[in-house]
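Residues per chain, in single letters:
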Amino acid sequence: MNENIEARQLLERALGTEPELGLDAGKVLALARREAVYRRSTMLGGAAVGVAAVAVAAVFITAPRPPAGFGPATPPSPANCGASVSPSEPPSTTLSSRPPTTSHRSPTPPTAAVSGPPSVAGMCLAK
Amino acid sequence: MGDQDDEFADFVRSRMAALRRTAFLLCGDWHKAEDLVQNALLKAFRAWARVRPGEQDAYVRKVLVRVAIDDSRRFWHRETAAGDLPDTPTSVVDTDESMDVRRALAALPVRQRAAVVLRYWEDLPVEEVGRLLGCAPGTVKSQCAKGLATLRRTLLVLEETE
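Since the model is a prediction, treat every value here as computed from it, not as a measurement. (Residues numbered from 1 in each chain as written. Chains lettered and ligands numbered in written order. Predicted model: local features only at pLDDT ≥ 70, side-chain atom pairs only at ≥ 80, totals over all residues.)

(A) Examining the overall build of chain A more closely. When you go through chain A residue by residue, the secondary structure sums to three helices and zero strands. Across chain A, helices and strands are ordered from the amino to the carboxyl terminus as α-α-α. Counting every position in chain A, which comprises 127 residues, the buried fraction comes to 6%. If you take every contact in chain A between residues at least 6 apart in sequence, the share linking residues at least 24 apart comes to 58%. (Helix = DSSP H or I, 4+ residues; strand = E, 2+ residues; numbered from the N terminus. Buried ≥ 20, exposed ≤ 12 C-beta atoms within 10 Å, placed from the backbone. Contact = placed C-beta atoms within 7 Å.)

Structure below.
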């Protein structure tokens, strides 16, 4: 017997008695349409979210930056004082403009506490 | 859109029964076969506008085979080889002979079963089956030969045990 015919007969036997068809063309079409609408709306929603995310990111990236002097205070540059200091010179003075907060009583009014030899910054303030 | 929907509905009406038979041979369960056909038709509807009129049948068959193979690979639907099929109420009366062939068919690996069904039931050429399954024609030939040999052997064993 031909192999193809034999195999086909076997498969026909496997089918046996066929039950009634439970599928309906109208039902399948309605399901397919509903799914298409759902997919389209999901895609549109996703695209809208994507556009919004890109717009927000663009606003943050292209937003004007604050001016240079607007940020945290920078220490006075010695150049402003008319003196030049080499950058390698270590700071040797601690100058405090605040009133002393210690409980130490002194007959003399509090003055700026200067320790060590006067530095360039100290000289600037002295001017 | 209306014409396309009518065309799709006509196709479904004319091909649904044949598609369900193919799906049944692939999965071995009439209810599951209907689910597979419905899923395949829903997938095909998405691409219906892009499918050429003469190739709709081949396209839906291809989708059906892929849906059936994917479904059998899902771990919660994974097939377990059972000596005896469980007793389930059914509206149709099947002969012992058809049950034996179903058991033998179910014992085949899913791709081998698909090759046998497409080659011998759908009567597709080897090259077309290879395209559908994503393998070489030589592989289809060997899968079909192995599948048919396994079917014969299993049927012999089943007949001897009864």
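(B) Representation of the overall build of chain B in the model. Of the regular secondary structure elements, chain B holds seven helices and zero strands. Secondary structure elements in chain B, listed N-terminal to C-terminal, are α-α-α-α-α-α-α. When contacts within chain B are restricted to residue pairs at least 6 apart in sequence, those whose partners lie at least 24 apart make up 62%.

(C) Examining the interface of chain A and chain B more closely. The interface is formed by 23 residues belonging to chain A together with 35 residues belonging to chain B. Contributing elements (two or more residues each) for the side of chain A that touches chain B: helix 1 (3-15) and helix 2 (25-62) of chain A.

(D) Up close: the environment of Ala-7 of chain A. Inspection of the secondary structure assignment puts Ala-7 of chain A in helix 1. In contact with Ala-7 of chain A, other than residues within four places in its own chain, are Val-116, Tyr-120 and Leu-148 of chain B.

(E) Fine view of helix 2 (residues 30-46) of chain B. Counted at 1.5 Å a residue, the expected span for helix 2 of chain B with its 17 residues is 24 Å, and the 25 Å between its end C-alpha atoms agrees. Buried residues in helix 2 of chain B make contact with helix 2 of chain A together with helix 1 (2-27) and helix 3 (56-73) of chain B. (Expected span 1.5 Å × (residues − 1).)

(F) Up close: helix 5 (residues 110-121) of chain B. Look at helix 5 of chain B: 15 Å from first C-alpha to last across 12 residues, which is about the 16 Å you get at 1.5 Å a residue. Of all the 12 residues making up helix 5 of chain B, 10 are buried; the element is thus mostly covered by neighbouring parts of the structure. For helix 5 of chain B, the secondary structure elements touched by its buried residues are helix 1 of chain A together with helix 1, helix 3, helix 4 (96-106), helix 6 (126-133) and helix 7 (137-161) of chain B. A positive phi of about 60 degrees marks Asp-123 of chain B, the residue just after helix 5 of chain B.

(G) Just the nonpolar core, in detail. Grouped together as the largest cluster of nonpolar side chains are 47 residues, with contacts concentrated most on Ala-23, Leu-36, Ala-40, Leu-41, Leu-64 and Ala-68 of chain B. By residue number, the principal contributor to this core is helix 1 of chain B, which donates nine residues. (Core = buried A, V, L, I, M, F, W, Y, C linked by C-beta atoms within 7 Å.)

(H) Summary view of the packing of helix 5 of chain B against helix 7 of chain B. All names here are of chain B. Packing of helix 5 against helix 7 leaves a shortest axis separation of 8 Å and a crossing angle of 95 degrees. The orientation of helix 5 with respect to helix 7, classified from their angle, is roughly perpendicular. Across from Arg-111, Gln-112, Arg-113, Ala-115, Val-116 and Arg-119 in helix 5, the residues of helix 7 making contact are Val-140, Gln-143, Cys-144, Lys-146, Gly-147 and Leu-148. Residue composition of the contact of helix 5 with helix 7, by class: five nonpolar, three polar and four charged. (Axes fitted to C-alpha atoms, helices over the stretch in contact; angles between N-to-C directions. Parallel < 35°, antiparallel > 145°, perpendicular 65-115°, else oblique. Nonpolar A, V, L, I, M, F, W, Y, C, P; charged D, E, K, R; others polar.)

(I) Focus on the packing of helix 2 of chain B against helix 3 of chain B. All names here are of chain B. At a minimum axis distance of 9 Å, the contact between helix 2 and helix 3 shows a crossing angle of 125 degrees. Of the possible angle classes, the one that applies to helix 2 and helix 3 is oblique. As for how helix 2 packs across helix 3, the hand of that crossing is right-handed. In this structure, helix 2 contributes Leu-36, Val-37, Asn-39, Ala-40, Leu-41, Lys-43 and Ala-44 to the contact, and helix 3 contributes Tyr-59, Val-60, Val-63, Leu-64, Val-67, Ala-68 and Asp-71. Here the residues of the contact of helix 2 with helix 3 sort into 11 nonpolar, one polar and two charged. (Left-handed = near helix turned anticlockwise from the far one by under 90°.)

(J) Main features of the confidence of the model for chain B. Averaged over every residue, the pLDDT of chain B is 86; the share at 70 or more is 86%. Taken over the whole predicted complex, pTM reads 0.66, whereas the ipTM for its chain interfaces reads 0.79. (pLDDT = per-residue confidence, 0-100.)

(K) Fine view of unusual backbone geometry. All names here are of chain B. Positive phi, normally seen in glycine, also occurs at Asp-123, with a value near 60 degrees. Tracing the backbone through its elements, the reader meets Asp-123 in the loop between helix 5 and helix 6. The exposure class assigned to Asp-123 is exposed, which follows from the 10 C-beta atoms found within 10 Å.

(L) Quick look at the environment of Glu-97 of chain B. You can see Glu-97 of chain B is positioned in helix 4. Placed 61 residues apart in sequence, Glu-97 of chain B and Leu-158 of chain B show a C-alpha to C-alpha distance of 9.8 Å.

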